[in-house]
Amino acid sequence: EAGVVQSPRYKIIEKKQPVAFWCNPISGHNTLYWYLQNLGQGPELLIRYENEEAVDDSQLPKDRFSAERLKGVDSTLKIQPAELGDSAVYLCASSLRGGLSTDTQYFGPGTRLTVL
Amino acid sequence: SQQGEEDPQALSIQEGENATMNCSYKTSINNLQWYRQNSGRGLVHLILIRSNEREKHSGRLRVTLDTSKKSSSLLITASRAADTASYFCATYNYGQNFVFGPGTRLSVLP
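Here the structure is a predicted model, which is why all the values come from computation and not from measurement. (Residues numbered from 1 in each chain as written. Chains lettered and ligands numbered in written order. Predicted model: local features only at pLDDT ≥ 70, side-chain atom pairs only at ≥ 80, totals over all residues. Heavy atoms only, no water.)

Caption draft 1: The arrangement of the confidence of the model for chain A in detail. Averaged over chain A, the pLDDT score is 92; the fraction of residues at 70 or greater is 96%. Averaged pLDDT values for the elements of chain A fall to 89 in strand 6 (residues 53–56) of chain A and rise to 98 in strand 3 (residues 19–24) of chain A. (pLDDT = per-residue confidence, 0-100. Helix = DSSP H or I, 4+ residues; strand = E, 2+ residues; numbered from the N terminus.)

Caption draft 2: The arrangement of the interface of chain B and chain A in detail. On the chain A side, the residues contacting the 22 residues of chain B number 23 residues. Across the interface of chain B and chain A, roughly 1700 Å² is buried in total on both sides, 48% from carbon and sulfur atoms. The largest contributions to the chain B side of the interface with chain A come from Leu43, Asn97 and Phe98 of chain B, which together make up 30% of the buried area. Linking chain B with chain A are zero salt bridges, by the criterion used here. Elements represented by at least two residues in the side of chain B that touches chain A include exactly strand 4 (31–37), strand 5 (43–50) and strand 9 (85–92) of chain B. Looking at side-chain class alone, the side of chain B that touches chain A contains nine nonpolar, 10 polar and three charged residues. (Contact = heavy atoms within 4.5 Å. Buried area = accessible area lost by both parts, 1.4 Å probe. Salt bridge = Lys/Arg side-chain N within 4 Å of Asp/Glu carboxyl O. Nonpolar A, V, L, I, M, F, W, Y, C, P; charged D, E, K, R; others polar.)

Caption draft 3: The arrangement of the nonpolar core in detail. Counting 22 residues, the largest nonpolar core has Phe21, Trp34, Leu46, Leu77, Ile79, Tyr90 and Leu113 of chain A as its most contacted members. Those residues in contact with Phe21 of chain A that lie beyond four places of it in its chain are Ser7, Trp34, Ser75, Thr76, Leu77, Ile79, Tyr90, Thr111 and Leu113 of chain A. Counting residues in hydrophobic clusters, the runner-up holds 21 residues, among them Leu46, Ile47, Leu61 and Ile76 of chain B. (Core = buried A, V, L, I, M, F, W, Y, C linked by side-chain atoms within 4.5 Å. Buried < 20%, exposed > 50% of the residue type's maximum accessible area, 1.4 Å probe, protein only.)

Caption draft 4: Quick look at unusual backbone geometry. Residue and element names in this part refer to chain A. The linkage connecting Ser7 with the following residue, Pro8, adopts the cis geometry, with an omega of -10 degrees. Residue Pro81 is reached from Gln80 by a cis peptide bond, and omega for that bond is -5 degrees. Here Pro81 shows up in the loop between strand 8 (75–79) and strand 9 (88–95). Positive phi, normally seen in glycine, also occurs at Lys16, with a value near 80 degrees. Unusually for a residue other than glycine, Asn51 sits at a positive phi of about 55 degrees. As for its placement among the helices and strands, Asn51 is situated in the loop between strand 5 (44–50) and strand 6.

See the structure below:
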C-alpha cells in the first residue's frame, strides 16, 4: 500500500513569491491534515479536511495561505506571498475517519520550504 | 499553543540501555498517542493509550498514563541505534484536534 505522497520534497523561493505544495493521501482515507513543523518543534495543525470539506481551518493564516481538496482526494496548500517566517516543513497526513479519536494519522515525508 | 510538553528535550544513551521520555499536558483528554520521527521524515505512529487505560505495551515500548497528574511516559527498552529519532506525544480531546508536543530528541550511541 502506498503511503502519503507529497511533492515537492524541497522548495527554495524568494520572499513575496507564491508557492504550492501537493499531497496525495492514502487511498480510502477520508480525512486529510496539513501541518506546519518548525525546526525542533512538533507539528502544528493548519487545516483538516473531512472529504472535500474543511472542518477546521482556525489555525490557517487566511491572508496568505489557502488550501483546497477537490473531489475529496488529493490536496494543495498554497502560500501567496511567502514571507521569511514561512520557512518550515509542511507535513500532510491522512487518516481513515477523522471523527474517531482513536484514528491513526499517517504522515507524508513533508516539503521543506526555505524562503530567502 | 501546544498542549503536550515532552521532557527531556534531548536524551543521549548507550545502545542496550533503556530510554524514558515524559509528556505532560494541561486539559482533559480522550487519548494520548506517541509518534516517532526520523530525521527528514514524516511522523510514524507508535502507540495509543486511552484515558481509561493506565499502561500499554507494544514490543519494546511501554507507555503509561496518569490522568490525575496529566502525564504520560514512553519507555523504550534495550535501545538500538535505529531508535535514534525524535519522539512526540499527541493528545486528543473530543471535538478538538490532535495537539503535538515539542518532542524529545533521542540519540542512541553504538
